[in-house]
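# Structural features, examined
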Amino acid sequence: MTPLGAVFRPQLAPERLRSVARLADDAGLDELWLWEDCFREGGISTAAAALAWTERVRVGVGLLPVPLRNVAITAMEAASLHRMFPGRAILGVGHGVQDWMGQVGARVESPVTLLREHLLALRALLAGERVTVDGRYVKLDDVALDWPPDGPPSGVLAGATGPRSLRLTGEAADGTILTAATNAEGVRKARQLVEEGRAAAGRGAGAGHHPVVVYLLTATGPDAAARLHAELVAEGAESVPDLGVAGDAGAVAKAVERLVEAGADSVVLQPTADEPDPEGFVRFAAEEVRPLVP
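These notes cover the structure that comes with them. Fair warning: this is a prediction, and the values are worked out from it, not measured in the lab.

The next subject is helix 1 (residues 17–27). Buried within helix 1 we find Leu-17, Val-20, Ala-21, Leu-23, Ala-24, Asp-25 and Ala-27. The inward-facing, buried residues of helix 1 contact strand 1 (4–8), strand 2 (31–34), helix 2 (43–53) and helix 10 (278–289). Gly-28 lies just past helix 1 and shows a positive phi near 90°.

Rendered as structure tokens:
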């Protein structure tokens, strides 16, 4: 069964998260995803709250911008979530929006180098290893977590859009997150690039499956088509064919299936920024779309 999720967008005030998270849990949604967008809401703080308020839904953070974070802090926070809520936290990291990184003085000359160094160190720390590294950006001296995740190492996903970054996720991450600007053909191309990165790093079949998570911009209700179009225009993506979906549960389920057929392992429904009923959107995803997705 394809995992289906929904996004709690950080355009909503943080105090709205509790009702949305509890509804996702009660309605049977597989995953609830959160964003660490500047300068709205923190990814780890909101994930911890959502996990504490719920019992079964998996909570993803897609993604934590690595220029903002020392890798040791990321590892400590990730390990705490994995130990307190076993099997329910999904964490992704990425470059972050470069303009935002510049605003806070964290923009780096080589985002790909930083992401590679961060991923390798983070995965090693979460695996319980003692790490010493003197990289261009990541520097650790005999660092190990006192409380690494209990059990098998927890996977770290990475967000990517360009070819170099997509190959890097195959090389150094345990999974890949694709934005809502990715249509089915984009998923196929991304999966190919990810596999190229895995092959180059010697991470073949023995390394396990590499999941691909894709956001799907989704609108439903009487004004769905207009809201979807407005958001695509605002994002400069209105010319991309077959991007996003507007309509009822059947239409959304078919759009999800197209992404899965193209290589997605899980799909996360992303409401428009002006979604008038976030709780209703989560209920729609869980109770109407979920039963139609095999």
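Quick look at helix 2 now. Three or four residues apart is the spacing at which side chains of an α-helix point the same way, because the helix has 3.6 residues per turn. Within helix 2 the residues assigned to the buried category are Gly-43, Ile-44, Thr-46, Ala-47, Ala-50 and Leu-51. Within helix 2, the buried residues cover an arc of 165° as seen down the axis, which keeps them to one side. Packed against the buried residues of helix 2 are helix 1, strand 2, strand 3 (58–65), helix 3 (71–84) and strand 4 (89–94).

A separate point is the pairing of strand 4. For strand 4, a buried count of 6 out of 6 residues is recorded, marking the element as mostly surrounded by other parts of the structure. Burial of strand 4 is two-sided: the residues Ala-89, Leu-91 and Val-93 facing one way and the residues Ile-90, Gly-92 and Gly-94 facing the other way are all buried. Across 6 bridges, strand 3 lies against strand 4 in parallel orientation. The residue bridging Gly-62 from the neighbouring strand is Gly-92, located in strand 4. For the crossover from strand 3 across helix 3 to strand 4, the handedness is right-handed.

With that out of the way, let us pick up a nonpolar patch on the surface. A cluster of nonpolar side chains, contributed by Phe-39, Leu-68 and Val-104, occupies part of the molecular surface with about 270 Å² of accessible area. You can call Val-104 partly exposed: its relative accessible area is 40%.

Within the secondary structure, Arg-69 sits in the loop between strand 3 and helix 3. Taking the relative accessible area as the measure of exposure, Arg-69 reaches 16% and is therefore buried. Only 2.8 Å separates the side chain of Arg-69 from the side chain of Glu-77, close enough to count as a polar contact. The contact partners of Arg-69, leaving out residues within four places of it in the chain, are Glu-36, Ile-44, Leu-64, Thr-74, Glu-77 and His-118.

Turning next to the nonpolar core. Counting residues in each nonpolar core, the largest one holds 80 residues, and the members touching the most others are Leu-269 and Val-289. Per-element accounting of this core gives the leading share, 9 residues, to helix 5 (residues 111–126). For Leu-269, the residues in contact, after removing those within four places along its chain, are Leu-4, Gly-5, Ala-6, Val-7, Leu-216, Thr-218, Val-252, Val-256, Phe-281, Ala-285 and Val-289. Judged by nonpolar contacts, the second largest core, of 17 residues, contains Trp-33, Ile-90, Leu-157 and Ala-237.

About the criteria used
The residue count restarts for each chain, going from 1 along the sequence in the order it is written. Restriction of local features to residues with pLDDT of at least 70 applies here, the model being predicted, together with a cutoff of 80 or more for giving and counting side-chain atom pairs; totals for whole chains, interfaces and linings are based on all residues. Just so you know, side-chain values use all the structure's heavy atoms and leave hydrogens and water out. Each residue is placed in one exposure class: buried if its accessible area under a 1.4 Å probe, protein chains only, is under 20% of its type's maximum, exposed if it is over 50%, and partly exposed if it falls in between. Helical segments are the DSSP runs of H or I of at least four residues, strand segments are the runs of E of at least two, and each set is numbered from the N terminus. The contact criterion used is simple: two residues touch if any of their non-hydrogen atoms lie within 4.5 Å. Within this analysis, the arc is defined by the directions that extend from the helix axis to the C-beta atoms. DSSP calls a pair of strands paired once it identifies at least 2 bridges connecting them. We call a crossover right-handed when, viewed with both strands directed away from the observer, the connection leading from the first strand over the helix to the second proceeds clockwise. What goes into a patch is any residue over 30% in relative accessible area without a salt bridge, connected to like charges within 9 Å or, for nonpolar side chains (Val, Leu, Ile, Met, Phe, Trp, Tyr), within 5 Å. All accessible-area figures derive from a Shrake-Rupley calculation using a 1.4 Å probe, and residue coverage is judged against the displayed protein chains alone. By definition, a salt bridge exists where a carboxyl oxygen of Asp or Glu is found within 4 Å of a side-chain nitrogen of Lys or Arg. Pairs of N or O atoms are called polar contacts if they sit within 3.5 Å, as long as, within protein, a hydrogen donor faces a hydrogen acceptor (for residues adjacent in sequence, only side-chain-to-side-chain pairs). For the purposes of this section, nonpolar cores are sets of buried Ala, Val, Leu, Ile, Met, Phe, Trp, Tyr and Cys residues that join through side-chain atoms within 4.5 Å.

So far we have only geometry, and geometry alone does not tell us how the molecule works.
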